[in-house]
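So you can see what is in the structure, the chains are spelled out below.
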Amino acid sequence: LVLIRDSYQFEDAEYTMIGFTPDSDGPHKLIVGLGGTQSAPQSFDYSFTLQRGALARTVATQGHGVVILDFSGADNYPDYAGAAELFGNPTDFSGARAKVCEEWVRQGTGVIAGINKLCARDDFDCSSGIALFGLSMGAGVAVQTSKLLTTPPVNALLTTQFSPLLGAGEPVFESTTGGPG
């Protein structure tokens, strides 16, 4: 296996990309993974370390490249962008929704910058599409990315452990019950 450690730019910041490609002639199909909430680049590296074995097995058995992308806002769940409107007096659901949607779009747009850089590499062939995997918050970002990305197309999308906070999590619970859950 060949270790890939690269970065991409989005909104004047640099984000890490780590993964593997087969140790064979490419180009290879691309699988992009997005993790859950991360508080610092060190936690991104730790997250990759935990997933390293599964990624290596996927590359070895399938012959695809697998790269985990760090992304803008990975340290702050997008649904919190509308918290002031949601908890304001009076509550502004429309304003909250607009800010939350805008933040999900911003994060998906940032991931596309990383995907575009990966697809420009000689070791990946994205011409027939890519696969996206998202865990927790990364699942929501993967869904948003798949809606925004047209070239290359997203041919496969797998999400797990995702529940939007505005619809099912703490902010709504706290506003309806008056306290943490």
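Just so you know, these numbers come straight off a predicted model, no measurement behind them. Every chain is numbered independently, its residues counted from 1 as its sequence is written. Totals for whole chains, interfaces and linings use all residues, but because this is a predicted model, local features are given only for residues with pLDDT of at least 70 and pairs of side-chain atoms are given and counted only at 80 or more. No hydrogens and no water enter the side-chain calculation; it runs on all heavy atoms of the structure.

Chemist: Lay out the nonpolar core with the relevant residues and their values.
Modeler: Nonpolar cores were defined as sets of buried Ala, Val, Leu, Ile, Met, Phe, Trp, Tyr and Cys residues, with membership established by side-chain atoms within 4.5 Å. Each residue is placed in one exposure class: buried if its accessible area under a 1.4 Å probe, protein chains only, is under 20% of its type's maximum, exposed if it is over 50%, and partly exposed if it falls in between. Counting residues in each nonpolar core, the largest one holds 27 residues, and the members touching the most others are V32 and L69. Working definition: helices are DSSP H or I runs of at least four residues, strands are E runs of at least two. Numbering for both runs from the N terminus. Counting only elements with at least two residues in this core, the list comes to β1 (2-10), β2 (13-21), β3 (30-34), β4 (65-69), α3 (93-119), β5 (130-135) and α4 (137-148). With eight residues, the next largest nonpolar core counts F20, A56, V59 and I68 among its residues.

Chemist: Account for unusual backbone geometry, naming residues and giving values.
Modeler: The residue after N89, namely P90, is reached through a cis peptide bond having omega 10°. Looking along the chain, the bond that leaves T151 and enters P152 is cis, with omega of 0°.

Chemist: If you had to explain the sheet that holds β1 to someone new, which residues and values would you point to?
Modeler: To summarise the sheet geometry, strands pair through backbone hydrogen bonds and adopt either a parallel or an antiparallel arrangement. The mixed open sheet is built from six strands, whose spatial order is β1-β2-β4-β3-β5-β6. Looking at strand neighbours, the two that pair on one side only are β1 and β6 (154-160), the edges of this open sheet. Between one strand and the next, the sheet's axes are offset by a mean angle of 20°, whatever the strand orientation. Direction of pairing for β1 relative to β2: antiparallel, over a ladder of nine bridges. Within β2, the position partnered with V2 by the bridge is T21. Contacts: residue pairs with any heavy atoms within 4.5 Å of one another. A fitted line through C-alpha atoms represents every axis, and for helices the fit uses only the stretch in contact; the resulting angles, taken between N-to-C directions, go from 0 to 180 degrees. Where α3 meets the sheet, its contacts fall on β1, β2, β3, β4 and β5, and the angle it forms with β1 comes to roughly 130°. Taken strand by strand, α4 contacts β3, β5 and β6, and its axis lies near 150° from that of β5. For two strands to count as paired, DSSP must find a minimum of two bridges between them.

Chemist: Could you give an account of the packing of α3 against α4, with specific residues and numbers?
Modeler: Running from N to C, α3 and α4 point in directions that differ by 75°, and their axes come no closer than 8 Å. Taken together, the axes of α3 and α4 lie roughly perpendicular to each other. On α4, the residues touching W104, V105, Q107, G108, T109, V111, I112 and I115 of α3 are M137, G140, V141, Q144, T145 and L148. For this classification, Asp, Glu, Lys and Arg are treated as charged, while Ala, Val, Leu, Ile, Met, Phe, Trp, Tyr, Cys and Pro are nonpolar and the rest, including Gly, are polar. Per-class residue counts for the contact of α3 with α4 are eight nonpolar, six polar and no charged. Orientation is classified from the angle alone, with under 35 degrees giving roughly parallel, over 145 giving roughly antiparallel, 65 to 115 giving roughly perpendicular, and any other angle giving oblique.

Chemist: Got a sec to walk through the environment of V2? Specific residues and values, please.
Modeler: Summarising the element assignment, V2 is placed in strand β1. When its relative accessible area of 34% is taken as the criterion, V2 is described as partly exposed. In contact with V2, other than residues within four places in its own chain, are G19, F20, T21, P22 and D23.

Chemist: A description of the pattern of salt bridges should follow, citing residues and the corresponding values.
Modeler: One speaks of a salt bridge when a side-chain nitrogen belonging to Lys or Arg is within 4 Å of a carboxyl oxygen belonging to Asp or Glu. For the coordinates displayed, the defined rule picks out six salt bridges. A salt bridge links R121 to D6, with the nearest nitrogen and oxygen atoms 3.0 Å apart. Of the two residues, R121 is situated in the loop between α3 and β5 and D6 in strand β1; the sequence distance between them amounts to 115 residues. Classification of R121 as partly exposed rests on a relative accessible area of 24%. Measuring nitrogen to oxygen at the nearest pair gives 2.6 Å for the salt bridge that ties R106 to E11. Pair noted here: R106 is in helix α3 and E11 is in the loop between β1 and β2, with a separation of 95 residues, a long-range link.

Chemist: Got a sec to walk through the confidence of the model for the chain? Specific residues and values, please.
Modeler: Detailed reading of the predicted model is not advised wherever pLDDT is low. Each residue carries a pLDDT value, the predictor's own confidence for that position, ranging from 0 to 100. Residues with a pLDDT of 70 or more make up 81% of the chain, whose mean pLDDT is 82. Element-level pLDDT for the chain is lowest in helix α5 (residues 165-168), with a mean of 47, against a maximum mean of 93 in α3.

Chemist: A description of the pairing of β4 should follow, citing residues and the corresponding values.
Modeler: In terms of burial, β4 is a largely internal element, five of the five residues being buried. Pairing of β2 with β4, which is carried by four bridges, proceeds in the antiparallel orientation. Each residue of the ladder has a partner; that of M17, found in β4, is L69. With five bridges connecting them, β3 and β4 associate as parallel partners. For G33, the partnering residue across the bridge sits in β4 and is I68.

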